[in-house]
Amino acid sequence: SLFTKPTMVSVMQTVDTAHDDMIHDAQLDYYGTRLATCSSDKTIRVFDVRNRGQSLLCTLARHEGPVWQVAWSHPVHGSLLASCSYDRRVLVWRESAAAPQQHQQRQQQHQQWEVVYEHAQHESSVNSVAWAPHEYGLMFACASSDGSISVVTCGQDGNWETSKIPNAHTIGVNAVSWAPATQPSSLLCPPVASSAADDAAGGRGSAPTARRLVSGGCDGQVRVWRLEPDGAQWSRESTLEGHSDWVRDVAWAPNLGLSRDMIASCGQDCRVIIWTRRDEDTSWSSVTLPPFQDVLWHVSWSVTGNLLAVSSGDNKVSLWKESLDGQWICLNAPANSEEQ
């Protein structure tokens, strides 16, 4: 029950989570000061990991089955944590504000968290949950073994509304990830302020971009979904075929400063595929990383979108970066990977 927090190829910190069963996910918050972990023991644990320390802040135990994934919201929405579980639910947790005089004792105190929303509209396990870019408002997507994807939005009145993508993948959906709200090369062409109408349609001022999701399923496919301009429904924009077995995870890369869209997918077939396209009018192309020796469970991009972490069933984490000639290079020596 250990989670290792690496930087490049060296281990910075090891956190003993004290979970009683397998850990399925571990996520740092926006500032990198708190770590949330979830496990088959049905609990979520939140740690303060500042200054390479470790302090258990709270244990959240409201799920009735293994908890597969956790996700922190952007701090503009406050301190929110979403979790999804085999019990067919997504729970949204909110941290209670601490009084100023309590600030110095926060590391020694158990923080108070409350469930502010329960999403229970799926017929089977909810396998993935992801917050939308904060520019879209308070919104998350979740993927289920019942084959559907839910997009859940909190309105200004505080009420939550759900729209569904039914039959997104046959057999089930394993993973979902949002496209960035910013267009490729946005550092070169900063977006101007958008109008309310643009924002409702997912626009970015004079350079509107539609809201998009990517999903991976048990049918071995990666699919890109786009919200229609009227905001009424999601339509399938692309189907990316290259995996020969279940797709376990997908991750849309942050594109701030990059000149293209980029998606990573990994699967039961022991392969990682990098999908890229230059703009919305071009088709997706793919590059497959060198073969792995075990099933791959997770892919995760760095905040700049140029470094990819891959975790596999043999308890190894490898880090990959694209070279100037377009080749993907593993930054971990094999010996170092075995130590992880």
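All of the points below concern the structure found in this document. Each chain carries its own residue numbering, running from 1 in the written order of its sequence. Local features in this predicted model are restricted to residues whose pLDDT is 70 or higher, and side-chain atom pairs enter the listing and the counts only when it is 80 or higher, whereas totals over whole chains, interfaces and linings include all residues. Water and hydrogen atoms play no part in the side-chain values, which are based on all heavy atoms of the structure.

## A closer look at the environment of Glu 95
For step 1, the next point in the chain: Counting through the fold element by element, Glu 95 comes out in strand S9 (residues 90-95).
For step 2, the next point in the chain: Under the scheme applied here, a residue whose accessible area is under 20% of the maximum for its type counts as buried, over 50% as exposed, and between as partly exposed, the area being computed with a 1.4 Å probe on protein chains only. Here Glu 95 falls in the buried class, since its relative accessible area comes to 14%.
For step 3, the next point in the chain: For the pair Glu 95 and Leu 81, spaced 14 residues apart in the sequence, the C-alpha separation amounts to 8.4 Å.
For step 4, the next point in the chain: A polar contact of 2.7 Å, which involves the side chain of Glu 95, links it to the side chain of Arg 34.
For step 5, the next point in the chain: Side chain to side chain, Glu 95 and Ser 79 meet in a polar contact 2.9 Å long. We count a stretch as a helix when DSSP gives it H or I for four or more residues in a row; a strand needs E for two or more, and each element gets its number in order from the N terminus. The term polar contact refers here to a pair of N or O atoms within 3.5 Å; inside protein, the definition further demands a hydrogen-donor-capable atom paired with an acceptor-capable atom, and it admits residues adjacent in sequence only when both atoms are side-chain atoms.

## Notes on the pairing of strand S20 (residues 261-267)
For step 1, the next point in the chain: Of all seven residues in S20, seven are buried; the element is thus mostly enclosed.
For step 2, the next point in the chain: Residues Asp 261, Ile 263, Ser 265 and Gly 267 line one face of S20 and the alternating positions Met 262, Ala 264 and Cys 266 line the opposite face, and both faces are buried.
For step 3, the next point in the chain: Here five bridges tie strand S19 (residues 247-252) to S20, and the two strands are oriented antiparallel to one another. By the bridge assignment for S20, Val 247 is matched with Gly 267.
For step 4, the next point in the chain: Sheet topology places S20 next to strand S21 (residues 272-277); six bridges connect them, and they run antiparallel. Bridge pairing in S21 places Ala 264 opposite Ile 274.
For step 5, the next point in the chain: Pairing between strands requires that DSSP locate at least two bridges from one strand to the other. In this antiparallel pair of consecutive strands, S20 and S21, the connection spans four residues, and Cys 270 shows a positive phi of 65°.

## Quick word on unusual backbone geometry
For step 1, the next point in the chain: In the Ramachandran plot, Arg 52 falls in the positive-phi region, its phi being about 60° despite a non-glycine side chain.
For step 2, the next point in the chain: On the secondary structure map, Arg 52 appears in the loop between strand S5 (44-48) and strand S6 (55-60).
For step 3, the next point in the chain: Its relative accessible area of 59% is what places Arg 52 among the exposed residues.
For step 4, the next point in the chain: Of note in this structure, Asn 167 is not a glycine but carries a positive phi near 50°.
For step 5, the next point in the chain: With respect to the element layout, Asn 167 can be found in the loop between strand S14 (160-165) and strand S15 (173-178).
For step 6, the next point in the chain: Residue Asn 167 is classed as exposed on the basis of its relative accessible area, which comes to 66%.

## A short note on the sheet that holds S5
For step 1, the next point in the chain: As summarised here, the arrangement of the four strands in space is S3-S4-S5-S6, forming an open sheet in which the pairing is antiparallel. Every other strand in the sheet has two partners, leaving strand S3 (23-28) and S6 as the edge strands with one partner each. The mean inter-strand angle of the sheet, taken between neighbouring strand axes irrespective of direction, is 20°.
For step 2, the next point in the chain: Judged from the five bridges that link them, S5 and S6 form a sheet pairing that is antiparallel. Each residue of the ladder has a partner; that of Arg 45, found in S6, is Thr 59. Every axis in this analysis is a line fitted to C-alpha atoms, fitted for helices over the stretch in contact. Angles between the N-to-C directions lie between 0 and 180 degrees.

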